[in-house]
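A structural walkthrough
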Amino acid sequence: MQPSTERHTAEMPSPASSQEGAAEELRVVPLRHPFRWISGGLAAVVLVAILVSLASNPNLDTPSVLQYLFHPAVLRGLTTTIWLTIVAMVLGLAGGTVVAVMRLSANPVLRYIATVYIWFFRGTPLLVQIIFWGFLGALYPFLSLGIPLTEITFVQVSTSTVIGATTASLIALTTNEAAYAAEIVRAGILSVDSGQAEAASALGLNGAQTTFKVVLPQAMRVIIPPMGNETITMLKSTSLVSVIGGADLLSNAQSIYAQNFKVIPLLVVVALWFLVLTSLLTIGQGFLERRFGRGISRTGHPGGFAARWISVRRNKTLSIEPEEQHR
Amino acid sequence: MSMSLSIAPDVPMMEARGIRKSFGRVEVLKSIDMTVRQGEVACLIGPSGSGKSTFLRCINHLESVDGGQMRVAGQLVGYTQRGNKLHEMRPADVAKQRKHVGMVFQRFNLFAHMTALENVIFAPGVVDGRRGSAAREAALALLERVGLRSWAGHYPAQLSGGQQQRVAIARALAMQPRLMLFDEPTSSLDPELVGDVLDVMRDLARDGMTMIVVTHEMGFAREVADTVTFMDGGVVVESGTPAELFGNPRHARTRAFLSKVL
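Residues numbered from 1 in each chain as written. Chains lettered and ligands numbered in written order. Predicted model: local features only at pLDDT ≥ 70, side-chain atom pairs only at ≥ 80, totals over all residues. Heavy atoms only, no water.

Right, let's talk about the overall build of chain B for a bit. Within chain B, the secondary structure is distributed over 9 helices and 12 strands. On C-alpha atoms alone, chain B measures out to a radius of gyration of 18 Å, which is about the 18 Å that the 2.2 N^0.38 rule sets for 262 residues. Overall, the C-alpha framework of chain B stretches about 55 × 50 × 35 Å when taken along its three principal axes. Out of the 262 residues in chain B, the part that is buried amounts to 57%. Long-range pairs, those at least 24 residues apart, make up 63% of the contacts in chain B with a sequence separation of at least 6. (Helix = DSSP H or I, 4+ residues; strand = E, 2+ residues; numbered from the N terminus. Rg over C-alpha atoms; globule rule 2.2 N^0.38 Å. Buried < 20%, exposed > 50% of the residue type's maximum accessible area, 1.4 Å probe, protein only. Contact = heavy atoms within 4.5 Å.)

Quick look at the structure:
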C-alpha cells in the first residue's frame, strides 16, 4: 500500500500545488486496519494447527498414498471416470439442446414432453436414477425392437446382457445431464436479443441458418460458464456409479481398501486425482469463455492468463481505461 | 445486377392496399394505402404509436398482415395467390422474398460476434454462396462507401452508435436490395453522430435507391424525400411532396404534429 499512496500524491497534485506550482506537497496518511491483522493472524494459526495435526497423524499414511497414486487399478478407474464424464457430457449437451429446442418450439405436444422430461429428471436424485438404471432388468427383463403398441417384434434380448453396469451408468448420467443442459441451453438462446434473429431474417436467412449461425454462437457465451460448472459436477457425480459397480475411480479404490483396509490413504488418492482433473477443467473453461466471448469484451483477445490477470489489475488501479479509439 | 432485380419500369416498388394489423385487440393499422415508385424516397412521419414502424415491418413480412395486400416489385408479400385463395408461404420462400429488401433497424442489430467486415460479408455467403476474395472485396467496397473501411476488423461493441448504423447499412446493401427500409435509423444515436448516418442515406438516395424511411428527422425528410406521408392512430392522415406537407398541411392533426416537431 505504501508505494501506491506515494505515487498517488505525485500524480494528483493538490489544488494548492497546481495553482501555485512550487507549493509544498502534503503527505497522505493511509487508514490503518488493525482488525485485518488480528483476524488474518487468528485464521492462519487455526490453519497451521490443522495442517500440523494432519501431517503428524500416522493414519494418513503418506507412503501408502504415494504407493497407490499410480496403482494400475486406480489408473484404470481414472480412465473410466474420464471417459464417462466426456461421453455423458457430450451426449447430455446434445440431448439437452434437443430438449431445449423442443421446449421453445411452437408445437404444444413437444413443449409439454420437454417440460415433463426436465421436471422428472431434475426432480429425482441422481443416485436414485443410477440405481434404477442399474436394476432396469427388474422392470423390463427383456428388451425388444418392434412396432410400438402392437405385438409385432423383430429382435428380443435379455436386459442384463445389453445393459451392464457401465452402460447403465452412462445412460443414467446422460439422461440426467440432458435435463440440466436443456435449461442452460434454453437460457442461452433466450439471452440473445430478438433483434439478432430479426436482422438475420431481414437479410434472407432461413430459420436453420438463423439458429445455427446467428443465435447459437451468441448463446454459447451464456451457455459455456454454467456448462463448465456442469462438467466439473459431472466429473464428481461419476463417483456415484460406484453403487452399481461402475468400475470408476472410486469403485476401484473401494475394492482395493476392501482388501487391505487402507481406507483413508485410498480416499486421499481419489481426492487428489479429482483435484487434478477439476483444476485442468477450470483452465479449459477459461479458454472456451474467451473463444466465445469474441466481440463482447472490449479488449478483444487477451493474450492469456498472465495478460488477463495484468489487465484486471490495471483496471483496478486506474479508474479510467485508456480507450479513446472511437473517432 | 442479377435477373431477379429487373422489373417493368411502370410497376410500383411497393404497393400497399388496405393493410390491416392488430396486436391482440388493438388495431394498429386501419386500412393503409400507400404506393412507392421505383427510385423514390418516401418518408413516413408521425407520433410514436401511430403504426409507422409496424407498417414498415409488414413490407418485408417481419409482421404478417391481417388484411389487405402488400406487393413489392409486383409480387405479393408472404402469400401466393391460387385462384381466389391466398396461401401462406413456407418460411423458406418468405426468406427468398426478403433477400432483395434491405432493412436498417433503430437498434442497429449488428451481429455482435462478428467484426464489421464479417457482418457485411456474412449474408451474401450464407444465402447466395458468394464467398472468396471477390465477396471480400465487395464487402470492403461497401464499408468504404459508408466511410468505415479502416474499421473492418472491429467488433460492434468497439464502434460508436453512428459507426454501427453505417455498418448496418453496408450489411443490408451487401444483399443488393432493390428496396431499402429504414426504421428510425437515427433515433438511438447521440445527436453529433446523426449527421454521418444521414449523409450515407443521402448518397444512397442520390444513387437512385428506392427507400422507405420512418424518421423523426424532418430536415432530412424535407431535403431528400420525394413524398412524405403523415400517419396517426393507424391511418394515413395525409401524404404529399415535402413542400406540400411541410409548407401547406391540409389537416389539423398534421399541423398540430408539425408545430411540435419543427
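Let us keep going from here.
This part takes up the overall build of chain A. Regarding its fold elements, chain A presents 15 helices and 2 strands. Looking at chain A as a whole, 33% of its 327 residues qualify as buried. In chain A, of all internal contacts separated by at least 6 residues, the share reaching a separation of at least 24 is 68%. Looking at chain A as shown, the accessible area adds up to about 20,400 Å², and 68% of this sits on carbon and sulfur atoms. (Areas by Shrake-Rupley, 256 points an atom, 1.4 Å probe, with all protein chains shown as cover.)

To continue, consider the interface of chain A and chain B. Each partner contributes residues to the interface: chain A has 26 residues there, and chain B has 31 residues. For the pair chain A and chain B, the two sides together bury roughly 2,500 Å², of which 58% comes from carbon and sulfur. Across the chain A-chain B interface, the total number found is 1 salt bridge. The residue B:Arg57 makes a salt bridge to A:Glu198 at a minimum N-O spacing of 2.7 Å. Counting across the chain A and chain B interface gives 5 residue pairs in polar contact (both at pLDDT 80 or more). Contributions of two or more residues to the side of chain A that touches chain B are made by α11 (194–202) and α12 (207–237) of chain A. Counting residues per element, the side of chain A that touches chain B draws most heavily on α11(A), at 7 residues. By residue class, the composition of the side of chain A that touches chain B is 8 nonpolar, 12 polar and 6 charged. (Buried area = accessible area lost by both parts, 1.4 Å probe. Salt bridge = Lys/Arg side-chain N within 4 Å of Asp/Glu carboxyl O. Polar contact = N/O pair within 3.5 Å; in protein donor to acceptor, adjacent residues only side chain to side chain. Nonpolar A, V, L, I, M, F, W, Y, C, P; charged D, E, K, R; others polar.)

What follows deals with the packing of aromatic side chains. For the structure shown, the criterion picks out 6 aromatic pairs over all chains. Ring geometry for A:Phe70 and A:Trp273: centres 5.7 Å apart, planes at 90 degrees, overall edge-to-face. With A:Phe70 in the loop between α4 (62–69) and α5 (72–103) and A:Trp273 in helix α14 (residues 263–292), this pair connects stretches of sequence that are 203 residues apart. The class for A:Phe70 is exposed, based on a relative accessible area of 54%. Taking NZ or CZ as reference, B:Arg171 lies 4.6 Å from the ring centre of B:Phe111, over its face. (Phe/Tyr/Trp six-rings, centres within 6.5 Å; stacked < 30°, edge-to-face > 60°. Lys NZ or Arg CZ within 6 Å of the ring centre and 35° of its normal.)

All right, on to the pattern of salt bridges then. Applying the stated criterion across every chain yields a total of 19 salt bridges over all chains. Residue B:Glu63 is joined to B:Arg57 by a salt bridge in which the shortest nitrogen-to-oxygen separation is 3.2 Å. For the pair B:Glu63 and B:Arg57, one class covers both residues: buried. With its nearest N and O atoms 3.1 Å apart, the salt bridge here joins B:Arg145 to B:Asp207. One end of the pair, B:Arg145, is in helix α4 (residues 132–145); the other, B:Asp207, is in the loop between α6 (191–206) and β10 (210–214), and 62 residues separate them in sequence. Classification of B:Arg145 as partly exposed rests on a relative accessible area of 43%. Accessibility expressed as a relative area gives 56% for B:Asp207, which makes it exposed. Taken together, the shared-partner salt bridges in this structure form one network comprising A:Arg103, A:Glu183 and A:Arg186.

Further remarks concern the pairing of strand β6 (residues 79–82) of chain B. Residue and element names in this part refer to chain B. With 4 bridges connecting them, β6 and strand β7 (residues 85–88) associate as antiparallel partners. Paired with Arg82 across the bridge in β7 is Lys85. Where β6 folds back on β7, the antiparallel hairpin that results is connected by 2 residues, among which Gly83 adopts a positive phi of roughly 65 degrees. (Pairing = 2+ DSSP bridges.)

Here we take up empty space enclosed by the protein. Enumeration according to the criterion identifies 1 cavity of 30 Å³ or more in this entry. Quantified by volume, the largest cavity comes out at close to 40 Å³. Contributions of two or more residues to the lining of the largest cavity are made by α11 of chain A together with β8 (101–104) and α5 (161–173) of chain B. By residue class, the composition of the lining of the largest cavity is 7 nonpolar, 1 polar and 1 charged. (1 Å grid on protein atoms, 1.4 Å probe; cavity = no way out; pocket = protein on both sides within 12 Å on 5 of 7 lines; lining within 4 Å. Points joined across faces, edges and corners; volume = space filled by probe spheres on them.)

All names here are of chain A. Confidence in the prediction of chain A, expressed as mean pLDDT, is 83, and 83% of residues score 70 or more. The secondary-structure element of chain A with the lowest mean pLDDT is helix α15 (residues 305–317), recorded at 44, while helix α6 (residues 108–123) shows the highest, at 96. Every residue in residues 1–14 scores below 50 in pLDDT, and together they form 7 contacts with partners more than four places removed in sequence or on other chains. In this model, residues 298–327 is a region of pLDDT below 50 whose contacts with residues beyond four sequence positions or in other chains number 27 contacts. (pLDDT = per-residue confidence, 0-100.)

What follows deals with the side chain of B:Asp183. Residues and elements named next belong to chain B. Along the chain, Asp183 falls in strand β9 (residues 179–183). As a buried residue without a salt bridge, Asp183 has its nearest oppositely charged side chain in Arg57, at a separation of 5.3 Å. Within the local environment of Asp183, its side chain forms a polar contact with the side chain of Ser53, the two groups lying 2.7 Å apart. Those residues in contact with Asp183 that lie beyond four places of it in its chain are Ser53, Leu56, Met103, Val104, Phe105, Gln106 and Val214. (Lys, Arg positive; Asp, Glu negative; His and termini not counted.)

This next bit is on the packing of α5(B) against α6(B). All names here are of chain B. At a closest axis distance of 8 Å, the pairing of α5 and α6 adopts a crossing angle of 20 degrees. Classed by the angle they form, the pair α5 and α6 counts as roughly parallel. In the crossing of α5 with α6, the sense of the turn from one axis to the other is right-handed. Taken together, the residues of α6 that come into contact with α5 (itself represented by Gly161, Gly162, Gln165, Arg166, Ile169 and Leu173) are Leu193, Asp196, Val197, Val200, Met201 and Leu204. Tallied by class, the residues present in the contact of α5 with α6 amount to 7 nonpolar, 3 polar and 2 charged. (Axes fitted to C-alpha atoms, helices over the stretch in contact; angles between N-to-C directions. Parallel < 35°, antiparallel > 145°, perpendicular 65-115°, else oblique. Left-handed = near helix turned anticlockwise from the far one by under 90°.)

The subject of this paragraph is the layout of surface pockets. Residue and element names in this part refer to chain A. Estimates place the volume of the largest pocket at around 440 Å³. Taken together, 21 residues form the lining of the largest pocket, with Met227, Gly228, Thr231, Leu281 and Leu288 sitting closest to its centre. Sorting the residues of the lining of the largest pocket by element identifies α5, α12 and α14 as the ones contributing at least two each. If one sorts the elements of the lining of the largest pocket by residue count, α12 sits on top with 8 residues. Grouping the constituent residues of the lining of the largest pocket by class yields 16 nonpolar, 5 polar and no charged.

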